[in-house]
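Report on the structure
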Amino acid sequence: MAAAAEPGAHAWLGGGSPRPGSPAYSPVLGAGGRARLGSGQAPGRAGDKAPGPAVPGHSFRKVTLTKPTFCHLCSDFIWGLAGFLCDVCNFMSHEKCLRHVKTPCAGVAPSLVRVPVAHCFGPQGLYKRKFCAVCRKGLEAPALRCEVCELHIHADCVPFACSDCRQCHQDGHYDHDTYHHHWREGNLPLGGRCEICRKTCGSSDVLAGVRCEWCGIQAHSLCSAVLAPECTFGRLRSMVLPPGCVRLLSRNFSKMHCFRIAETTAPELGDGDGGVDGSAALGPGRDVPAAPESSKQTLKIFDGNDTMRRNHFRLVTVSRLARSEEVLEAALRAYYVSEDPGDFELQELPLPSLVGDAQAPGKAGSGGLAEEDSSRGSGAHEPEAWVIRARPRTQEVLKIYPGWLKVGVAYVSIRVTSQSTVRTVVLEVLPLLGRQAEGPESFQVMEVLMGSRQVQRIVLADDESLLQRLRDIRQTSLRQASQTRFYVIESRAVAPHVSLFVGGLPPGLSPQEYGNLLREAMATKAAAVSVSHVYSQGAVVLDVTCFAEAERLYMLGRDTAVHGRPLTTLVLPDVLHTKLPPDCCPLLVFVNPKSGGLKGRDLLCSFRKLLNPHQVFDLTNGGPLPGFHLFSQVPCFRVLVCGGDGTVGWVLTALEETRHHLACQEPSVAILPLGTGNDLGRVLRWGAGYSGEDPFSTLVSVDEADAVLMDRWTILLDAHKAADAENSVVDAEPPKIVQMSNYCGIGIDAELSLDFHQAREEEPGKFTSRFHNKGVYVRVGLQKISHSRGLHKEIRLQVEQREVELPSIEGLIFINIPSWGSGADLWGSDNDSRFEKPRMDDGLLEVVGVTGVVHMGQVQGGLRSGIRIAQGSYFRVTLLKATPVQVDGEPWVQAPGHMIISATGPKVHMLRKAKQKPRKAAAIRGDAVPAPEGSAK
């Protein structure tokens, strides 16, 4: 057997994807500039062979242009009537640009992926002015996008996409110490400027330009070749959790599970069962075949047993007079197969065989289109469907990749025959990789199927024939064959370790009680499962030492309820905090997708792409606890909360409860306001509400924000029911404790909040905009305008153990910040010698009264302020009857009893947006000493 190492692959080693223009990114593979004719789908007529040197896998031909067209390399308009089109991927180019094309064709792109990482496709949506990464055509119909990278794609092009998503953690397969730029072509912002030539590189007309998905550098594909290959993570490098510092052994979990992304249940074209109705992916380029003309016909093409079984075909329209070679080339192009057409043939597949035995290809028919007459004359019977089959080969050239071995080549090529087994291949490959001194028994061959949705790995047996294995893969699917690689790996034992977060459990139990509860509910195996962390809020973290058991518990936990509450199970990685750079202060992001209409979900996706998706958490999926647990050993980090004031209070409460578990016990917290009032966001200068600002600019503002202190208050609710007339026994409810950051209202303002909350619970779909929410507040306020209950007669107030006489009021409000009810100054700005000047870090609360809805409206309009009643640090309120109460916008009806308000122990470190424009920080401000709050509330 002959063997030779492939040169020019050194750029693969180091991290990220090979950059455009490097030898590893664009080797001359496939047929180069060989002309392919007769597809019947490109604009204009087939013309001349492309001039100049061969380009990476493209099959260019000269076409006549019938509509305005732009070059995919320089994005300029193609003047004249002639252009050069790739018949496989629809890449269009000027003649002068052909020699500079470095972007690989979709047919060879899978072979150029350095580290195979599956994508995470969210639900289908409409993406205007975006282009498919496979067929390069516009996304007019609902399409898919990856939740982790900037890949946009048609649903029926998904099976042909590369598994070239970002590598966001180490998984024991392809771990590297340095990371290279991860380039993604096209779909750049219109105003994007090239990092090298400073000219516009974005385009709304074609898929052009490249962008690094870690550092955000944008460039022309030609200009990117002169950039250094190493990626420094750009402006946000201090906030990004480096992928080399995150470890997750995710053998049995999809990327959707690893990144805690909700999976879509809607069927998607091109990846599910087609059914018997013939629904399937269309032809290449998503051209919907029109009614066949008398001179043309449409054929159903299958690429193997898998597509035949699922009835997933591609439609190809060809001339009735087309030669057999032209039909075969059109069929191969439909499946983005760039290999020599002489190695394949088309076999007739009559309609009955579609529902018959798919394992007997070619059983019916003439044995192949290639054996028919070269001219398919009129009058001959045309089959309903055809299947592409690989011709039998006695030997093949096989690429063997070195896996995580530190060697100087990307792969080596060897020739395999029917006598070649895994063991003989290992013996031949080791000397080529410089590992001849090691015994072959220490190595294995792994087969890797690089699907766009999941990367599957199989370790082959030593005596398995690789030539037969290749035949079986091609028999199953030619598309899968082009996405399959073989790696030589060390036979090292990997100790299974998976961390599972389980939430929704009863609070306040011991580790042993939690273990017994889970053993009863989920039948956990004591030998493989142990409780490593316990949180009093009702959550545990399990250490699982068996991949199969971890997968079983994860799937079972999603359908299990304990004491009537459904459980939440999440897969959490390990943060290698000792490997974090000294200047790294990663940002922990919490997003409430239910806030701000649909903006919350869009922000969730944006932050996953700008940062490491492992540091972005969806609060509707487990709450804040999983995020704080993941960052528990990080010595310095900051927090960004995207939501309303209630969401901010939720996160701050969780932070206080888990503070003793954290290495960084006082992380600073920034806010991206998504709620209706957003009073805390206003005070900290983050604005009245998010209105679509650039998420990147928001992160830069967080990095430049100033640290300030804010008081937090504890409210003890000790409710008592009236004495029973028969036995005179007082039935007391258990005391309840809530935390407060902004304000606590008793009476009319809480009643309005309660009515709004109930209206939102009844019809949540209508409350998707801040304007509508405020309109509902106005409506419920008008309904209460003549309401009078005499609150001052129903409550008693003590301040610092001193009874305070209340004036005639309908609402009593305790305020900690200088904003109430969407920005109103309830305390007022007038000086008063009786009280100190309010600050949000002075350890004091201000007590204000309002006389009704009209008074509240006047305060909102800036015409009046509230009635100043008291100022202090300890309050006792006695409720003589059931009264509406709200804390930071969360309302309820409180039973008669006592409310005790006192300061919580440590103050909270918040981030206040800087007044000046963001400046490039020389040092990280996450551990900066907070400045005292000197401005008035």
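Let me sum up the structure you'll find in this document.

Criteria and thresholds
Residues numbered from 1 in each chain as written. Predicted model: local features only at pLDDT ≥ 70, side-chain atom pairs only at ≥ 80, totals over all residues. Heavy atoms only, no water. Helix = DSSP H or I, 4+ residues; strand = E, 2+ residues; numbered from the N terminus. Contact = heavy atoms within 4.5 Å. Areas by Shrake-Rupley, 256 points an atom, 1.4 Å probe, with all protein chains shown as cover. Buried < 20%, exposed > 50% of the residue type's maximum accessible area, 1.4 Å probe, protein only. Arc of directions from axis to C-beta. Pairing = 2+ DSSP bridges. Axes fitted to C-alpha atoms, helices over the stretch in contact; angles between N-to-C directions. Parallel < 35°, antiparallel > 145°, perpendicular 65-115°, else oblique. Left-handed = near helix turned anticlockwise from the far one by under 90°. Nonpolar A, V, L, I, M, F, W, Y, C, P; charged D, E, K, R; others polar. Polar contact = N/O pair within 3.5 Å; in protein donor to acceptor, adjacent residues only side chain to side chain. Salt bridge = Lys/Arg side-chain N within 4 Å of Asp/Glu carboxyl O. Core = buried A, V, L, I, M, F, W, Y, C linked by side-chain atoms within 4.5 Å.

**Observations regarding the overall build of the protein chain**
From N to C terminus, the protein chain includes 16 helices and 44 strands. In the protein chain, of all internal contacts separated by at least 6 residues, the share reaching a separation of at least 24 is 72%. As presented, the protein chain carries roughly 38500 Å² of accessible surface, and 52% of it is formed by carbon and sulfur atoms.

**Observations regarding helix α8 (residues 547-557)**
Of the positions making up α8, those classed as buried are Phe-547, Glu-549, Ala-550, Leu-553, Tyr-554 and Gly-557. Seen along its axis, α8 keeps its buried residues to an arc of 165°; they face one direction. In this structure, the buried residues of α8 make contact with α1 (255-258), β20 (498-503), α7 (511-522), β21 (529-535), β22 (539-544) and β25 (568-572).

**Concerning unusual backbone geometry**
Where the residue is not glycine, phi is negative for most of them; where a peptide bond is considered, it is trans in most cases. Positive phi is not limited to glycine here, since Asn-90 has a value of about 70°. Mapped onto the elements, Asn-90 comes out in the loop between β3 (82-86) and β4 (92-93). Assessed through its relative accessible area of 18%, Asn-90 is described here as buried. Its identity as a non-glycine residue notwithstanding, Gln-801 has a phi of 65°, on the positive side. Examined against the element boundaries, Gln-801 turns out to sit in the loop between β35 (795-799) and β36 (802-804).

**Brief notes about the sheet that holds strand β39 (residues 867-872)**
The strand order β39-β38-β37-β34-β41-β42 describes an open sheet built from six strands, whose pairing is antiparallel. A single partner strand is all that each edge strand has here, and the edge strands are β39 and β42 (890-894). Neighbouring strand axes in the sheet, compared pairwise and without regard to direction, differ in orientation by 20° on average. Packing against the sheet, helix α14 (residues 748-762) makes contact with β34 (743-747), β37 (811-815), β38 (845-850), β41 (883-887) and β42, and its axis sits at approximately 95° to β34.

**Describing the packing of helix α9 (residues 599-610) against helix α13 (residues 695-703)**
Between α9 and α13, the shortest axis-to-axis distance is 10 Å and the interhelical angle comes to 65°. For the element pair α9 / α13, the angle class is roughly perpendicular. The two elements α9 and α13 cross, and the hand of that crossing is right-handed. In this structure, α9 uses Leu-603, Ser-606, Phe-607 and Leu-610 to contact α13, whose residues at the interface are Pro-695, Phe-696 and Leu-699. Split by residue class, the contact of α9 with α13 holds six nonpolar, one polar and no charged.

**Observations regarding the side chain of Asn-742**
With respect to the element layout, Asn-742 can be found in the loop between β33 (736-740) and β34. The exposure class assigned to Asn-742 is buried, which follows from its relative accessible area of 1%. At 3.2 Å, the side chain of Asn-742 forms a polar contact with the side chain of Asp-645.

**Some remarks on the pattern of salt bridges**
Under the defined criterion, the tally for this structure stands at 33 salt bridges. Here Glu-704 and Arg-235 are joined by a salt bridge, their closest N and O atoms 2.7 Å apart. Of the two residues, Glu-704 sits in the loop between α13 and β31 (706-710) while Arg-235 sits in the loop between β9 (218-219) and β10 (246-247), which places them 469 residues apart along the sequence. With relative accessibility at 1%, the residue Glu-704 sits in the buried group. Among the residues examined, Arg-235 registers a relative accessible area of 22% and is labelled partly exposed. Shared partners join several salt bridges into a network, and the residues in it are Glu-339, Asp-343, Arg-393, Glu-396 and Arg-474.

**Concerning the environment of Gly-622**
Within the secondary structure, Gly-622 is located in the loop between β28 (616-618) and α10 (625-630). Residue Gly-622 is classed as partly exposed on the basis of its relative accessible area of 28%. Distance from Gly-622 to Thr-569, taken between C-alpha atoms, is 7.8 Å for residues 53 residues apart in sequence. Ignoring sequence-local partners within four residues, the contact set of Gly-622 consists of Phe-501 and Thr-568.

**Examining the nonpolar core**
Soluble globular proteins: nonpolar side chains tend toward being buried together. Counting 146 residues, the largest nonpolar core has Ile-388, Phe-607, Leu-640 and Met-910 as its most contacted members. The element contributing the most residues to this core is helix α3 (residues 324-334), with six residues. Not counting the four nearest positions on each side in its chain, Met-910 is found in contact with Leu-652, Val-669, Ile-671, Leu-680, Leu-684, Asp-706, Ala-707, Val-708 and Met-710. Counting residues in hydrophobic clusters, the runner-up holds 28 residues, among them Met-740, Ile-809, Leu-812 and Phe-814.

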